Amino acid sequence: PMIHADLVQPLSHQITNEAYASQLYLQMCLWAEDRGMPGASAFFRAHVSEEMAHRDRLVDYMIEAGAPIKLQAVPAPEAEYDSLVAIVKGAYEHEQKVTQQIDDLTSLALERRDFNTFNMLQWFVAEQREEIVLFRGIVDYMNLAGFTGAPGDALVNLDRYLQQLASAK
Ligand code: FEO
C-alpha cells in the first residue's frame, strides 16, 4: 500500500480536524456578521473555504492511495466570544494546535519511512507556517494598537485591517 498502515487512521482524523477548523471559522465569521463587523466577517469567511481545501487535499491524497477514510463527527465550535480580540487570539491558538497536529503526522510519517505521506505533508508544513505568520501578525497588530475589543475607533480600525487582509488574499 502507498500509505503506511499506521498513518491511515491519523490522516483520516486530520480530515475531521480540518473540517472542524472550517466550522470554527464559519462560527467566527457569523459572530462578526451578527455584530456588524464586515471586515472580520470577510476575513474569517475566506478561511472557511481555505480549510475545506485543506480537508479535500487530504481526501484526494487518500483516494489516490486507495486508503479507506472513516469520517468522524465534527465537534461543535465555540460560539460565545467576549470580543473580536478574543476571537483573533482564539484563531491564533487554534492554528498553533493545527501546526502541532501536522508536526505529529509528519514525524510519524518519517518514523514509519512513509515518504509519500511525508512528502505530501510538506505542503501542510509550509501552509501552517503561513497561517502562524498571518495570525501572529494580527495579534501583534492588536497588541501594538492596544485594542481591547471595546466598541469605538480602535475596533473599526481592527475591522478595516482584517478587511484589507481578506482583500489581499
Ligand atoms: Fe488547515 Fe488553518 O490550517
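To be clear, the structure that these remarks concern was listed above.
Residues numbered from 1 in each chain as written. Predicted model: local features only at pLDDT ≥ 70, side-chain atom pairs only at ≥ 80, totals over all residues. Heavy atoms only, no water.

**Student:** Describe unusual backbone geometry, with residues and values.
**Tutor:** Look at Arg113: it is not a glycine, yet its phi comes out positive at around 55°. Among the secondary structure elements, Arg113 is positioned in the loop between helix H3 (84-111) and helix H4 (115-145). A residue is classified by how much of its surface remains accessible, and Arg113, at 62% relative accessible area, is exposed. (Helix = DSSP H or I, 4+ residues; strand = E, 2+ residues; numbered from the N terminus. Buried < 20%, exposed > 50% of the residue type's maximum accessible area, 1.4 Å probe, protein only.)

**Student:** Break down the pattern of salt bridges for me, with residues and values.
**Tutor:** The full count for this structure, using the stated rule, is four salt bridges. Between Asp6 and Arg112 there is a salt bridge, with its nearest N and O atoms 2.5 Å apart. A residue pair is termed long-range when its members are at least 10 positions apart, and Asp6 in helix H1 (residues 5-34) and Arg112 in the loop between H3 and H4 qualify at 106 residues. By relative accessible area, Arg112 is classed as partly exposed at 31%. Notably, a salt bridge pairs Arg35 with Asp34, separated by 3.7 Å at the nearest N-O pair. By sharing partners, the salt bridges in this structure join Asp6, Glu111 and Arg112 into a single network. (Salt bridge = Lys/Arg side-chain N within 4 Å of Asp/Glu carboxyl O.)

**Student:** With reference to specific residues and values, describe the nonpolar core.
**Tutor:** Side chains that are nonpolar tend, in soluble globular proteins, to be buried together. Formed by 32 residues in total, the largest nonpolar core has its most connected members in Tyr25, Phe43, Phe44, Leu84 and Phe135. For this core, the secondary-structure elements that each account for two or more residues are H1, helix H2 (38-65), H3, H4 and helix H5 (153-168). With eight residues, the single largest contributor to this core is H1. In this view, Phe44 contacts Tyr25, Met28, Cys29, Ile87, Ala91 and Phe135; residues no more than four positions away in its chain are not counted. Judged by nonpolar contacts, the second largest core, of 18 residues, contains Leu58, Ala65, Ile102 and Leu108. (Core = buried A, V, L, I, M, F, W, Y, C linked by side-chain atoms within 4.5 Å. Contact = heavy atoms within 4.5 Å.)

**Student:** Summarise the packing of H1 against H4; cite the residues concerned and give the values.
**Tutor:** Helix-helix packing is described using two parameters, namely the angle between the two axes and the distance between the axes. It is the contact of H1 with H4, at a shortest axis distance of 14 Å, that shows an interaxial angle of 25°. Classified by the interaxial angle, the pair formed by H1 and H4 is roughly parallel. Of the two possible hands of crossing, H1 and H4 adopt the one that is left-handed. Contacts between H1 and H4 involve Leu7, Leu11, Glu18 and Tyr25 from the first element and Thr117, Met120, Phe124 and Phe135 from the second. Across the contact of H1 with H4, the residue classes tally to six nonpolar, one polar and one charged. (Axes fitted to C-alpha atoms, helices over the stretch in contact; angles between N-to-C directions. Parallel < 35°, antiparallel > 145°, perpendicular 65-115°, else oblique. Left-handed = near helix turned anticlockwise from the far one by under 90°. Nonpolar A, V, L, I, M, F, W, Y, C, P; charged D, E, K, R; others polar.)

Functional significance is not addressed by these values, which are geometric in nature.
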